[in-house]
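Each chain, written out:
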Amino acid sequence: MSLYTRWSFMCISIAVAVFIFAAESHAGEWPQFRGPNGSGIAEESSPPVSWGIESGENIKWSAEIPGLAHSSPVVWGDRVFVTTAVSDDDDPELKVGLYGDIKPVEGDGVHRFVVMALDVKTGEVVWTETAHEGVPKVKRHPKATHANSSPATDGKHVVGFFGSEGLYCYDVDGDLLWSKDFGVLDSGFFMVKTAQWGFASSPIIHDGAV
């Protein structure tokens, strides 16, 4: 499994540890969740088997990403693309670990649903675009975020999906090409209608279609 699938953006302004291996070649592109073919396998690559954020072992760079997100980064050419949901709450709730409470987060407030591009060599932010801003239409589980779906790219387009907040397609320079509103996508527990898990299905791009 590629190291890219291990990345999670789980708290406000966390440091994203970036492992760059074979990103210079077409064989190293990681265009969607779990990479090429959705297999989680990076062909023709030799990723490190150990690393340390504090020590800097096998870390090329790190970058601060605001907001809460469980989406994975995708990589094409010299760009890393990520999504995140930035709340107007300075300390949004995120609970991890084992516990039995399935009550959704209440009063989540206004969010900015953001797509970002970073330079694959330096980690510098190339562009940041707010796809949508408003109070989320569906609540989330305390373990989840409003940016669970990983983006997708084909090297020309970058697609960010935020569930009930819509699907957004940018070019690689950050210009919005189109968007699609699917209405409210309820990802609740069918046995407990008030429980909400949060939308998480990630898009793919294939043969000119999303």
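Just so we're clear, the structure is a prediction, and the values are computed from it rather than from any experiment. (Residues numbered from 1 in each chain as written. Predicted model: local features only at pLDDT ≥ 70, side-chain atom pairs only at ≥ 80, totals over all residues. Heavy atoms only, no water.)

A. Summary view of the packing of aromatic side chains. Inspection of the entire model under this criterion finds eight aromatic pairs. Relative to Trp127, the ring of Phe81 lies with its centre 6.2 Å away and its plane at 45 degrees, an arrangement referred to as tilted. Here Phe81 is found in strand E4 (residues 79-87), whereas its partner Trp127 is found in strand E6 (residues 125-134), with 46 residues between them in sequence. A single burial state applies to Phe81 and to Trp127, both of which are buried. Through a chain of ring-to-ring contacts, three or more aromatic side chains come together here, namely Phe81, Trp127 and Tyr170. (Phe/Tyr/Trp six-rings, centres within 6.5 Å; stacked < 30°, edge-to-face > 60°. Helix = DSSP H or I, 4+ residues; strand = E, 2+ residues; numbered from the N terminus. Buried < 20%, exposed > 50% of the residue type's maximum accessible area, 1.4 Å probe, protein only.)

B. Quick look at the environment of Lys103. When you line up the elements, Lys103 lands in the loop between E4 and strand E5 (111-119). Given the relative accessible area of 53%, Lys103 is considered exposed. With 89 residues separating them along the chain, Lys103 and Val192 place their C-alpha atoms 9.8 Å apart.

C. Looking closely at the confidence of the model for the chain. The predicted model of the chain has a mean per-residue pLDDT of 86, with 87% of residues at 70 or higher. Long-range and interchain partners of residues 1-26, a stretch whose pLDDT sits below 50, account for 92 contacts in this model, where long-range means more than four residues apart. (pLDDT = per-residue confidence, 0-100. Contact = heavy atoms within 4.5 Å.)

D. A look at the sheet that holds E6. Pairing is antiparallel across the open sheet formed by four strands, whose spatial order is E3-E4-E5-E6. With partners counted over all chains shown, the strands left at the sheet margins are strand E3 (74-76) and E6, one partner each. Here the average twist between neighbouring strands, direction ignored, is 25 degrees. Bridge analysis of E5 against E6 gives eight bridges, and the strand direction is antiparallel. When the sheet's bridge partners are listed, Val114 is paired in E6 with Thr130. (Pairing = 2+ DSSP bridges. Axes fitted to C-alpha atoms, helices over the stretch in contact; angles between N-to-C directions.)

E. Quick look at the nonpolar core. Judged by nonpolar contacts, the single largest core of 14 residues is most densely connected at Phe81, Val115, Trp127, Phe162 and Tyr170. Where this core is concerned, the elements lending two or more residues are E4, E5, E6 and strand E9 (167-171). With residues up to four places along the chain from it excluded, the contact list for Phe81 reads Ser72, Pro73, Val74, Met116, Ala117, Trp127, Pro151, Thr153, Val158 and Val172. Of all hydrophobic cores here, the second largest spans 12 residues; its members include Val80, Val82, Val86 and Val114. (Core = buried A, V, L, I, M, F, W, Y, C linked by side-chain atoms within 4.5 Å.)

F. Seen up close, the side chain of Glu29. Mapped onto the elements, Glu29 comes out in the loop between strand E1 (14-18) and strand E2 (61-65). For the buried Glu29, which has no salt bridge, the nearest side chain bearing the opposite charge is Arg79, at an N-O separation of 11 Å. With near-sequence residues (within four places) excluded, Glu29 lies in contact with Pro36, Val75, Trp76 and Gly77. (Lys, Arg positive; Asp, Glu negative; His and termini not counted. Salt bridge = Lys/Arg side-chain N within 4 Å of Asp/Glu carboxyl O.)

G. Summary view of the sheet that holds strand E8 (residues 157-161). Read across the open sheet, the four strands follow the order E7-E8-E9-E10; overall the sheet is antiparallel. Whereas interior strands pair on both sides, the edge strands pair on one side only; in this sheet they are strand E7 (152-153) and strand E10 (176-180). Here five bridges tie E8 to E9, and the two strands are oriented antiparallel to one another. When the bridges of E9 are listed, Val158 appears paired with Tyr170.

H. Just the pattern of salt bridges, in detail. Within the structure shown, the criterion is met by four salt bridges. Taking the shortest distance from any N to any O, the salt bridge between Lys139 and Glu106 comes out at 2.7 Å. With a gap of 33 residues between them, Lys139 in the loop between E6 and E7 and Glu106 in the loop between E4 and E5 connect regions that are remote in the sequence. Its relative accessible area of 44% is what places Glu106 among the partly exposed residues.

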